[in-house]
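Structural features, examined
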Amino acid sequence: MSLSTHETSISFEDEKGAITDFLSKFKGQEKDLAQDFANINLGAGGGRVENVLSNAQTNLDLQQKIANRDQQLLSIDLEDIYTHENTLSELVSRIRNNTRRYVLLFSEVVDKLMPLPTKDISEKDEVIDVILHQRRERNEQIEGSASRFPNHLLRR
């Protein structure tokens, strides 16, 4: 017995464009920490937190911190996507309904937008950072070859 298929008219290239626009232009609002903790919903979800704190930085600033190995995680709040443009509320609903696919789309867009590190590798860095640096250097040396490391192996 096979699973039924569902045909959609969603263009994932257009979705990547909307995601790129959000990641490159959105600037998070400074949120009140006390208010955010007061709004945590610990209902039937078993401790699920409803609000995620945002910094008053652009996503590109956060990506630079990730590239420099100062930060390890890029957290994206659906509420921020919703407030970026009210027309993207459809995007939020599609993300909620097909989260796995949109995580991959966000990963692809972040990989394309990720800036080069401005800090050099030092003896204080972890081994994984050195390995990733060597992989990036190897990819630059063999430009256009099929034996390049894929983007998901260049992430931390």
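So, how was this worked out
- Residues numbered from 1 in each chain as written.
- Predicted model: local features only at pLDDT ≥ 70, side-chain atom pairs only at ≥ 80, totals over all residues.
- Heavy atoms only, no water.
- Core = buried A, V, L, I, M, F, W, Y, C linked by side-chain atoms within 4.5 Å.
- Buried < 20%, exposed > 50% of the residue type's maximum accessible area, 1.4 Å probe, protein only.
- Helix = DSSP H or I, 4+ residues; strand = E, 2+ residues; numbered from the N terminus.
- Phe/Tyr/Trp six-rings, centres within 6.5 Å; stacked < 30°, edge-to-face > 60°.
- Lys NZ or Arg CZ within 6 Å of the ring centre and 35° of its normal.
- pLDDT = per-residue confidence, 0-100.
- Contact = heavy atoms within 4.5 Å.
- Expected span 1.5 Å × (residues − 1).
- Salt bridge = Lys/Arg side-chain N within 4 Å of Asp/Glu carboxyl O.

For the rest of this paragraph, the subject is the nonpolar core. In terms of nonpolar packing, the biggest core is built from 17 residues, with Ile 19, Leu 23, Ile 81 and Phe 106 touching the most fellow members. At the level of secondary structure, the elements contributing two or more residues to this core comprise α1 (12-25), α3 (59-67), α5 (89-97) and α6 (99-113). For this core, the element with the most residues is α6, which contributes 5 residues.

Time to look at the packing of aromatic side chains. Tallied over the entire structure, the rule returns 2 aromatic pairs. Here the aromatic rings of Phe 12 and Tyr 102 are separated by 6.3 Å at their centres, their planes lie at 65°, and the arrangement is edge-to-face. Here Phe 12 is found in helix α1, whereas its partner Tyr 102 is found in helix α6, with 90 residues between them in sequence. Take Phe 12: its relative accessible area is 24%, and that puts it in the partly exposed class. For Tyr 102, a relative accessible area of 1% puts it in the buried group. If you follow Arg 101 out to its NZ or CZ, it ends over the ring of Phe 12, 4.4 Å from the centre.

So, about the confidence of the model for the chain. When pLDDT is averaged along the chain, the result is 75, and 71% of the positions lie at 70 or above. Predicted confidence for residues 44-56 stays below pLDDT 50, and this span has 23 contacts to residues more than four positions away or in other chains.

With that out of the way, let us pick up α6. Look at α6: 21 Å from first C-alpha to last across 15 residues, which is about the 21 Å you get at 1.5 Å a residue. Inspection of α6 places Tyr 102, Leu 105, Phe 106, Ser 107, Val 109 and Val 110 among the buried residues, and these make up the whole buried set. Of the surrounding elements, those touching the buried residues of α6 are α1, α3, α4 (78-84) and α5.

What follows deals with the environment of Ile 76. Along the chain, the position of Ile 76 falls in the loop between α3 and α4. Separated by 53 residues in sequence, Ile 76 and Leu 23 place their C-alpha atoms 9.1 Å apart. Setting aside residues no more than four positions away along its own chain, Ile 76 makes contact with Phe 22, Leu 23, Ile 81 and Phe 106.

For the rest of this paragraph, the subject is the pattern of salt bridges. Evaluation of the coordinates by the stated rule reveals 5 salt bridges. The residue Glu 15 makes a salt bridge to Arg 94 at a minimum N-O spacing of 2.8 Å. Residue Glu 15 is located in helix α1, and its partner Arg 94 is located in helix α5; the two are separated by 79 residues in the primary sequence. Residue Glu 15 is classed as buried on the basis of its relative accessible area, which comes to 7%. Among the salt bridges present, the one from Arg 94 reaches Glu 90, with a minimum N-O distance of 3.9 Å. Of this pair, Arg 94 and Glu 90 both sit in helix α5, 4 residues apart, which is roughly one turn of that helix.

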